[in-house]
Amino acid sequence: MADKKANIKLDNGESIDLPIYTPTLGKEVIDVAPIASHGHFTFDPGFVATASCESKITFIDGEKGTLLYRGYPIDQLAEKSNFLESSYLLLNGELPTQTEFVAFEKNIKQHTMVHQQINQFFNGFRRDAHPMAVMVGVVGALSAFYHDSLDIKNAEDRMISAYRLIAKMPTIAAMCYKYSIGQPFVCPDNSLNYAENFLNMMFSVPSEPYDINPVLAKAIDRIFILHADHEQNASTSTVRLAGSTGANPFACISSGITALWGPAHGGANEAVLNMLREIGDVSKVGEYVKRARDKNDPFRLMGFGHRVYKNYDPRATVMRETCHEVLSSLDAKEQPLFQLAMELEKIALEDEYFVDKKLYPNVDFYSGLTLSALGIPSNMFTVIFALARTVGWISHWNEMVSQPSFKIGRPRQLYTGSDIRDYQTISKR
Ligand code: CMC
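Since we're looking at a predicted model, the values are computed, not measured.

### Observations regarding the sheet that holds strand β1 (residues 2-9)
Right, on to step 1. One open sheet accounts for 3 strands, arranged β1-β2-β3; its pairing is antiparallel. In this open sheet, the two edge strands, each paired with only one partner strand, are β1 and β3 (29-30).
Right, on to step 2. Taken together, the 7 bridges between β1 and strand β2 (residues 15-21) define a ladder with antiparallel strand orientation. When the sheet's bridge partners are listed, A2 is paired in β2 with Y21.

Have a look at this one:
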């Protein structure tokens, strides 16, 4: 696999050859593993220069603003595919034929319900619990209900667990919402498609019919596609690291949900709405942009900037379009919150600081606005992100577990603590 070599020379004269791998797309990767046999480690906090694994699933070129799922550009999938078809692609590596798609959809629909006892599980949570806290707990607990697909060495078991997770996440996400507002849980309706079923479980009530608006169903499906995978981001790397220990897939996905929760990652869409509410009025946008520029002020514009995309986020381009479609369809463009958001977008796109640092609105800026327009409370945004990302997480987990090189992930460290010292009894300290 390595057709080139790099050589490093240390001050002590040691010379180490490092293989260089050429990927299908992207930059060449230097294999630093041989350093370990010479008694050294590399140091790369934040993984800014480290490829943690080999993967065939998703490719990102941050400079060009490219995102590919199994080679297919995200804008083509967002326009022409649907979430379940994209899920099949991520999981299996190829787009399905008609027959394969029908079988896949049937398999997913077969697993949409959750065990009846899971309903009772919710009662252990306070009604005002953050839905992410509930989701972490409930998804982790799935391993206590579905013992029959937990042999991670068995490819069929792994696929059944993947189907279960993809199928049950919308049900669980909607249950988290219904529980928080004190409404009865709504059973999945397998006559609906994936996005419609989710909207139905979120918004229908037993007392009256619920008409699904096709523009909104399309928007939610797009949000799912755009969030389905993003190569080795923090939550996916968490799933991989948890999975590398041999932990079961439900536990691994639960750990991914916790990593996603933070405002620097999946929590950003919720943080966008909180920030807009804090800004409060269009007249204050300038003041907040000034604060974001101030090095001594910890305030950052949520929904702007990205670790990998330094020109633009291709998901944001598609999401922006959907956001405007939804706002128009709901006649919501004139609402103060959305006017404020558009003013913020305009100023930040023109502001020297943001332009120089290449801080563009990211997908979460627009998905937060879209979800808000759909009537979804901001504390549910990251739950919806988790629902969509589950297929990416489980695809990476499955890829990792089936690789011959599968082994526990165990980073090393640069230790800067105390040198060895003797224990002193408490009276002598
Ligand atoms: N507002 C103001 N300044 C910013 C922002 C922002 N949103 N983002 C980065 N900067 C500045 C930062 O202060 C730093 O300035 P300097 O060079 O003077 O020290 C410079 O830009 C580079 O920032 P960084 O923190 O070194 O960049 P990073 O790659 O480590 O961070 C980020 C990326 C996404 C964590 C960051 O841009 C951020 O906090 N954005 C807001 C949160 C957000 O929207 N997150 C969602 C990301 S998209 C969802 C996903 O894919 O998970």
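Back to the text.
### Description of empty space enclosed by the protein
Right, on to step 1. Within the structure shown, the criterion is met by 2 cavities of 30 Å³ or more.
Right, on to step 2. Along its surface, the largest cavity is lined by L84, I108, K109, T112, A167, D189, N190, L192, N193, Y194 and N197.
Right, on to step 3. Residue composition of the lining of the largest cavity, grouped by class: 5 nonpolar, 4 polar and 2 charged.
Right, on to step 4. Here the second largest cavity defines a volume of roughly 50 Å³.
Right, on to step 5. Considering the residues around the second largest cavity, the lining is formed by G305, H306, Y309, N311, Y312, D313, K358, L359, Y360, P361 and N362.
Right, on to step 6. Tallied by class, the residues present in the lining of the second largest cavity amount to 5 nonpolar, 4 polar and 2 charged.

### Considerations on the side chain of N197
Right, on to step 1. For N197, the location among the structural elements is in helix α7 (residues 194-203).
Right, on to step 2. For N197, the contacting residues outside a window of four places in its chain are P188, D189 and L192.

### A closer look at the pattern of salt bridges
Right, on to step 1. Within this structure, the stated rule accounts for 14 salt bridges.
Right, on to step 2. E105 is the partner of K109 in a salt bridge, and the nearest nitrogen-oxygen pair spans 3.8 Å. In this pair, K109 and E105 both sit in helix α3 (residues 98-110), 4 residues apart, roughly one turn of the helix.
Right, on to step 3. R164 serves as the salt-bridge partner of D148, at 2.9 Å between the closest nitrogen and oxygen. A residue pair is termed long-range when its members are at least 10 positions apart, and D148 in the loop between α5 (131-141) and α6 (155-181) and R164 in helix α6 qualify at 16 residues.
Right, on to step 4. By relative accessible area, which is 9% here, R164 ends up buried.
Right, on to step 5. Linked by salt bridges that have partners in common, E278, R291 and D297 make up one network.

The rules behind each value
Residues numbered from 1 in each chain as written. Predicted model: local features only at pLDDT ≥ 70, side-chain atom pairs only at ≥ 80, totals over all residues. Heavy atoms only, no water. Pairing = 2+ DSSP bridges. Helix = DSSP H or I, 4+ residues; strand = E, 2+ residues; numbered from the N terminus. 1 Å grid on protein atoms, 1.4 Å probe; cavity = no way out; pocket = protein on both sides within 12 Å on 5 of 7 lines; lining within 4 Å. Points joined across faces, edges and corners; volume = space filled by probe spheres on them. Nonpolar A, V, L, I, M, F, W, Y, C, P; charged D, E, K, R; others polar. Contact = heavy atoms within 4.5 Å. Salt bridge = Lys/Arg side-chain N within 4 Å of Asp/Glu carboxyl O. Buried < 20%, exposed > 50% of the residue type's maximum accessible area, 1.4 Å probe, protein only.

By themselves, these are just geometric observations and shouldn't be taken as functional.
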